[in-house]
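# Working through the structure, step by step
For reference, the chains in residue letters:
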Amino acid sequence: MRERRALHLALITSFSAAPHTIGQWRLPRSYRGFDFRRLDYWEHLARTLERGLFDMMFFADAYTLHEAYGASPDAAIRGAVQYPRMDPFTLIPALSRVTRRLGFGVTASTTFLPPYWVARHFASLDHVTEGRIAWNVVTSYSDAEARQFGLDAIPDHDARYDRADEYVELCRKLWASWEPDAMVFDREAGIFADPVKVHRVDHDGKWFRCAGPLHVPPSPQGHPVIIQAGSSPRGMQFAARHAEVVFAVPGATARMSEQRDRLDEALAAEGRGPGEIKVLWGVTPILGTTDAEAEARRQEIIDHASAEGALVQLSGHLNADLSRWPADRPLEEMEVSGVRGYIGSRFAPGETLAGLAKRLGTGVGQHITGSAATVADRLEEMDEAGRGDGFMFVTTTLPGSVEDLVDLLVPELQRRGRFRTAYPTTLLRERFRA
Ligand SMILES: Cc1cc2nc3c(=O)[nH]c(=O)nc-3n(C[C@H](O)[C@H](O)[C@H](O)COP(=O)(O)O)c2cc1C
């Protein structure tokens, strides 16, 4: 048995009507009195999460319209399959004003956005949030996204990570270009900042050139907390090099230990220990005051989901048209250029498309259905199996499933000594390190 430590809890969402569960926008209890396009709704979520002492509100993001399936975007548009999706950066200043401790993770792609822009944006947000910002570093996965940025196709999988390695190194140089005490703000002497302590970076690499310095004084955390979610071997190598927090989707419980072993091996290869990274497992709790109520809610989600929607979303993530894959051929045999890590983690051995459509009809991610006690039991088992540090919760009903997490699950975890009862007064990075 591992030591029973306090868990870290985060919520994954995106600036969208149906972030991760197919059909969640049309659930009868979703968006009663709320409009997902308005700040009121997001402020309500942020306040609720802070009431529940969550570590972080995390915004997944991509610039894609899932149009790989059947070579058409129609099903994604009709069913709101992760579409439309607005810019999460725009929410952060407002959300940081209605909270004091909650952290915010925002996704930005190394394949499409210029490093100077990203480094400056996150450094500025670190100031605005007073040290509560994190960057989910993604390399992006679909041709549909590439076409939004003037490319015909997404660059090769491993080449995206090679480029991303240099990208993050350049961002680090930019964040370090001001020495911590460079800004002196001396009114009498008329010295705002000491030029000797503000350095050019003169980066001239394989992929990028940048003069620097960054035009942002040193921020509270120095730079954003780095989050990563790649699960292919190259993705894990990238995470092992750069990440402070890893977001992982668990396969079957029996496979979680193996997933964790692979990450630990990648960390060791980079000279880092397993404790130097925090692993948050992504799960979808469906809570009720009793097991029966939770089961009724699960049934409601199934009734409003669609197998087609699941295949549209998965085709988008894999950058492959699943409508062309033989229904009876094991999915493990597929070669994909998108999120390659799904092949090992999402599909059961020997699983076929026919089986998958049925299983994923309610969305991607592992569901845990039941009362707070039932869900907490299962989370404790998963924590033990995956040797993780906490969970990233996927939403269903909006905002009801978030309220359930805070009002039902958090008190249960607190009773078990598995979650904090007050926020420490630290920066987001220090909280994750504790
Ligand atoms: C749980 C999870 C969440 C992810 N979130 C995003 C996201 O918000 N935006 C994005 O472009 N890619 C996202 N990705 C894709 C990864 O960041 C990565 O680019 C992709 O998985 C390809 O790497 P891999 O083949 O190493 O897994 C996510 C992947 C996983 C497993």
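About the criteria used
- Residues numbered from 1 in each chain as written.
- Predicted model: local features only at pLDDT ≥ 70, side-chain atom pairs only at ≥ 80, totals over all residues.
- Heavy atoms only, no water.
- Helix = DSSP H or I, 4+ residues; strand = E, 2+ residues; numbered from the N terminus.
- Rg over C-alpha atoms; globule rule 2.2 N^0.38 Å.
- Buried < 20%, exposed > 50% of the residue type's maximum accessible area, 1.4 Å probe, protein only.
- Contact = heavy atoms within 4.5 Å.
- Axes fitted to C-alpha atoms, helices over the stretch in contact; angles between N-to-C directions.
- Parallel < 35°, antiparallel > 145°, perpendicular 65-115°, else oblique.
- Left-handed = near helix turned anticlockwise from the far one by under 90°.
- Nonpolar A, V, L, I, M, F, W, Y, C, P; charged D, E, K, R; others polar.
- Patch = residues over 30% accessible without salt bridge, like charges linked within 9 Å, V, L, I, M, F, W, Y side chains within 5 Å.
- Areas by Shrake-Rupley, 256 points an atom, 1.4 Å probe, with all protein chains shown as cover.
- Salt bridge = Lys/Arg side-chain N within 4 Å of Asp/Glu carboxyl O.
- Near = heavy atom within 4 Å.
- Polar contact = N/O pair within 3.5 Å; in protein donor to acceptor, adjacent residues only side chain to side chain.

## Things to note about the overall build of the protein chain
Within the protein chain, the regular secondary structure consists of 15 helices and 13 strands. For 434 residues, the compact-globule estimate of 2.2 N^0.38 gives 22 Å, and the protein chain sits close to it at 22 Å. Its C-alpha atoms give the protein chain principal-axis dimensions of roughly 70 × 50 × 45 Å. Burial statistics for the protein chain: of 434 residues in total, 57% are counted as buried. Across the protein chain, every contact between residues at least 6 apart in sequence was considered, and the portion connecting residues at least 24 apart equals 76%.

## Some points on the packing of helix 1 (residues 39-51) against helix 14 (residues 400-415)
Taken N-terminus to C-terminus, the directions of helix 1 and helix 14 make an angle of 15°; their axes are 9 Å apart at the nearest point. Viewed along their axes, helix 1 and helix 14 adopt a mutual orientation that is roughly parallel. As helix 1 runs across helix 14, the sense of the crossing is left-handed. Between helix 1, through His-44, Leu-45, Thr-48, Leu-49 and Arg-51, and helix 14, the contact on the second element is made entirely by Val-402, Glu-403, Val-406 and Asp-407. The residue inventory of the contact of helix 1 with helix 14, partitioned by class, reads 4 nonpolar, 2 polar and 3 charged.

## Some remarks on a nonpolar patch on the surface
Taken together, the side chains of Met-183, Phe-185 and Phe-192 present a nonpolar region at the surface, about 300 Å² in accessible area. Examined against the element boundaries, Phe-185 turns out to sit in strand 5 (residues 183-186). Looking at Phe-185, the relative accessible area reads 46%, which means it is partly exposed.

## Overview of unusual backbone geometry
For the bond from Tyr-83 to Pro-84, the omega torsion is -5°, close enough to zero to count as cis. Its place among the elements puts Pro-84 in the loop between helix 2 (74-79) and helix 3 (92-97). A cis amide bond links Leu-398 to the next residue, Pro-399, at an omega of -5°. Of note in the backbone geometry, Tyr-31 takes a positive phi value of approximately 55° without being a glycine. On the secondary structure map, Tyr-31 appears in the loop between strand 1 (8-13) and helix 1. What makes Tyr-31 buried here is its relative accessible area of 14%. Of note, Asp-202 is a non-glycine position whose phi angle comes to about 45°, a positive value. Of note, Asp-202 is situated in the loop between strand 6 (191-193) and strand 7 (203-204).

## Notes on the site of the ligand
Neighbouring the ligand are 21 residues, the closest being Asp-61, His-157, Tyr-161, Ser-232 and Arg-340. For the ligand, an oxygen atom lies 3.2 Å from a polar atom in the side chain of Thr-139. For the ligand, an oxygen atom lies 2.6 Å from a polar atom in the side chain of His-157. Protein chains bury 94% of the 610 Å² of accessible surface belonging to the ligand in isolation. When contributions to the shell around the ligand are tallied by element, the ones reaching two or more residues are strand 4 (133-138), helix 6 (157-175) and helix 11 (341-345). For the shell around the ligand, the class distribution of residues is 9 nonpolar, 10 polar and 2 charged.

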